[in-house]
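Single-letter residue listing:
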Amino acid sequence: MERISTHQLFTLMFIFEVGSTTLFALGIDAKQDAWIVILVSLLIGLVFIWIYTELQKEFPGRNYVEIIIAVLGKWVGIPLSLLYAVYWLYPAARNLREFGELIVLTSLSNTPLSAVLFIFILTSLFVLMLGVEVLGRTSEITMPVIAFFIVSLFIMIYISGQVDFRNLTPILSNGIKPVLKSAYPSVAIFPFGEIFIFSMYWCYADKKNAVRKATMAAAVSSGLLLSFTLAINVSVLGVEYTSSSTIPLIEVIKLVNIGDIITNIDAVGVVIIFLGGFYKMSLFLYGIVLVIATVFKIKNRSLLLVFISFFLLWVGIAFEPSYVFHKWLYPFDTNYFYITFLHIIPALLLLIHWVRKKNSPSYLSNFLT
């Protein structure tokens, strides 16, 4: 059985949380208080991370599909598990499409989107064929690179004289209500709720008792970084330009100019952002494979991985006609599907498990065996 160290688990979750989040001005509906929205959303996210990891703690050696079947039985558990495979296919396709669009918009404007997505899928397929352990080991190298670049960007943009912290004032001029409205469900779910995909990976942790600590540490560190990134975006670009810009962080990177020597580093920024998207999409993709392999007890996952990969490629190309449509659809899926699959169902599963464990000796006996 594959094993992931606590540090690898942390780096994977950190990259996943940063992932595609840097592409968007999250919480910008709260205007200059958007960075506070991230912090409030983080607190909400930590509550649900406790629920996720408490459920995992009750079934330490099982993935989420096995937990669903253990709690609800096969007749309800298997159909619900397959619904999760369909559900996770959607954010996987969205991430694939987002980063394909990013590459086309910023670097390869004359290259067909389908060609970029095809190369993206092939690269992910190559790494995932080697197993989740290899993906975890590569993340130990990639995560410090991503964190170093983003922190270095903050320093360079400040030295360039582009930062105006007056754009962040007045703080909470309209009270706390706009912040709370922006925080839930939108930002609390994306990105903090999406970390639930790791319920398919936590069973591989070599130290099961460290899962909650690693998950919360990854959420807090990435949340603080994202909050600061958004504060920099608004302080450099202003609220109006940040909200209307397609990719605000790229616009900020373009403004870096230190003595006309360090400049035009947006290509490096695209690569760094692409790395985050690569890991996020790959983790969703392999999570889907694990769901199907668990339900149908498939031992050899290679052919299944190939099939799901190219089906994902088709969905990424065919489902959304444009990036504008992609951004327009976002609030709908967050407010309905994401809440159900990421918040309501896991909480109900934990509640059902607690009730049955307390009131049914036979259930407890089956659980222990």
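The structure we're discussing is the one just above.
Residues numbered from 1 in each chain as written. Predicted model: local features only at pLDDT ≥ 70, side-chain atom pairs only at ≥ 80, totals over all residues. Heavy atoms only, no water.

Caption draft 1: Just a nonpolar patch on the surface, in detail. A cluster of nonpolar residues, Trp50, Ile344, Leu348, Leu351, Ile352, Trp354 and Val355, forms a patch on the protein surface that exposes about 610 Å² of accessible area. At 6 residues, the largest contribution of residues to the nonpolar patch is made by helix α13 (residues 323-359). With respect to the helices and strands, the residue Trp354 is situated in helix α13. For Trp354, a relative accessible area of 37% puts it in the partly exposed group. (Patch = residues over 30% accessible without salt bridge, like charges linked within 9 Å, V, L, I, M, F, W, Y side chains within 5 Å. Areas by Shrake-Rupley, 256 points an atom, 1.4 Å probe, with all protein chains shown as cover. Salt bridge = Lys/Arg side-chain N within 4 Å of Asp/Glu carboxyl O. Helix = DSSP H or I, 4+ residues; strand = E, 2+ residues; numbered from the N terminus. Buried < 20%, exposed > 50% of the residue type's maximum accessible area, 1.4 Å probe, protein only.)

Caption draft 2: Spatial organisation of the packing of helix α6 (residues 132-159) against helix α11 (residues 266-295). Following both chains from N to C, one finds α6 and α11 inclined at 150°, their axes separated by 11 Å at the closest point. In this view, α6 runs roughly antiparallel relative to α11, as classed from their interaxial angle. In this structure, the crossing between α6 and α11 has a hand that is left-handed. Residue-level inspection shows Val132, Leu135, Thr138, Ser139, Thr142, Val145, Ile146 and Phe149 of α6 in contact with α11, the latter providing Val268, Gly269, Ile272, Leu275, Gly276, Tyr279, Leu283 and Tyr286. (Axes fitted to C-alpha atoms, helices over the stretch in contact; angles between N-to-C directions. Parallel < 35°, antiparallel > 145°, perpendicular 65-115°, else oblique. Left-handed = near helix turned anticlockwise from the far one by under 90°. Contact = heavy atoms within 4.5 Å.)

Caption draft 3: Representation of the environment of Ser222 in the model. With respect to the secondary-structure elements, Ser222 resides in helix α8 (residues 211-237). Taking C-alpha positions, Ser222 is 12 Å from Ser41, a pair spaced 181 residues apart along the chain. With near-sequence residues (within four places) excluded, Ser222 lies in contact with Phe14, Glu17 and Val18. For Ser222, the side chain forms a polar contact with the main-chain oxygen of Ala218, separated by 2.7 Å. (Polar contact = N/O pair within 3.5 Å; in protein donor to acceptor, adjacent residues only side chain to side chain.)

Caption draft 4: Region of the structure containing the pattern of salt bridges. On inspection of all chains with the given rule, the structure shows 7 salt bridges. Glu58 is paired through a salt bridge with Lys357; the nearest N and O atoms lie 2.9 Å apart. Here the residue Glu58 occupies a position in helix α2 (residues 34-58), and Lys357 occupies one in helix α13, the gap between them amounting to 299 residues. We classify Glu58 as buried; its relative accessible area is 12%. Here Glu133 ties to Arg137 by a salt bridge, and the two come within 3.9 Å at their closest N and O atoms. On the criterion of helical spacing, the pair formed by Glu133 and Arg137 is a turn pair, its members being 4 residues apart in helix α6.

Caption draft 5: How the structure looks around the packing of aromatic side chains. According to the stated counting rule, one finds 23 aromatic pairs in the structure shown. Between Phe16 and Phe198, the ring centres sit 5.4 Å apart and the planes meet at 90°, which makes this aromatic pair edge-to-face. Remark: Phe198 occurs in the loop between α7 (177-192) and α8 and Phe16 occurs in helix α1 (residues 6-18); sequence separation between them is 182 residues. The pair formed by Phe16 and Phe198 is uniform in burial state, with each residue classed as buried. Between Phe198 and Tyr201, the aromatic rings sit 5.6 Å apart at their centres with planes inclined by 55°, giving tilted as the arrangement. For Phe198, a relative accessible area of 0% gives the class buried. Residue class for Tyr201 comes out buried when judged on its relative accessible area of 1%. These aromatic residues form a ring-pair network of at least three members: Tyr52, Tyr64, Tyr84, Tyr87, Trp88, Phe196, Tyr338 and Phe341. Above the plane of the ring of Phe16 lies Lys280, whose end atom (NZ or CZ) is 5.1 Å from the centre. (Phe/Tyr/Trp six-rings, centres within 6.5 Å; stacked < 30°, edge-to-face > 60°. Lys NZ or Arg CZ within 6 Å of the ring centre and 35° of its normal.)

Caption draft 6: Region of the structure containing the side chain of Thr229. Considering the arrangement of structural elements, one finds Thr229 in helix α8. Residue classification places Thr229 among the buried residues on the basis of a relative accessible area of 5%. Every residue in contact with Thr229, bar those within four places of it in the chain, is listed here: Ile150, Phe154 and Leu249.

Caption draft 7: Geometry of α8. An ideal rise of 1.5 Å per residue puts 39 Å on 27 residues; α8 measures up with 38 Å between its terminal C-alpha atoms. Most of α8 sits inside the fold, with 19 of its 27 residues counted as buried. A positive backbone phi angle near 85° is found at Gly238, which sits one or two residues after α8. (Expected span 1.5 Å × (residues − 1).)

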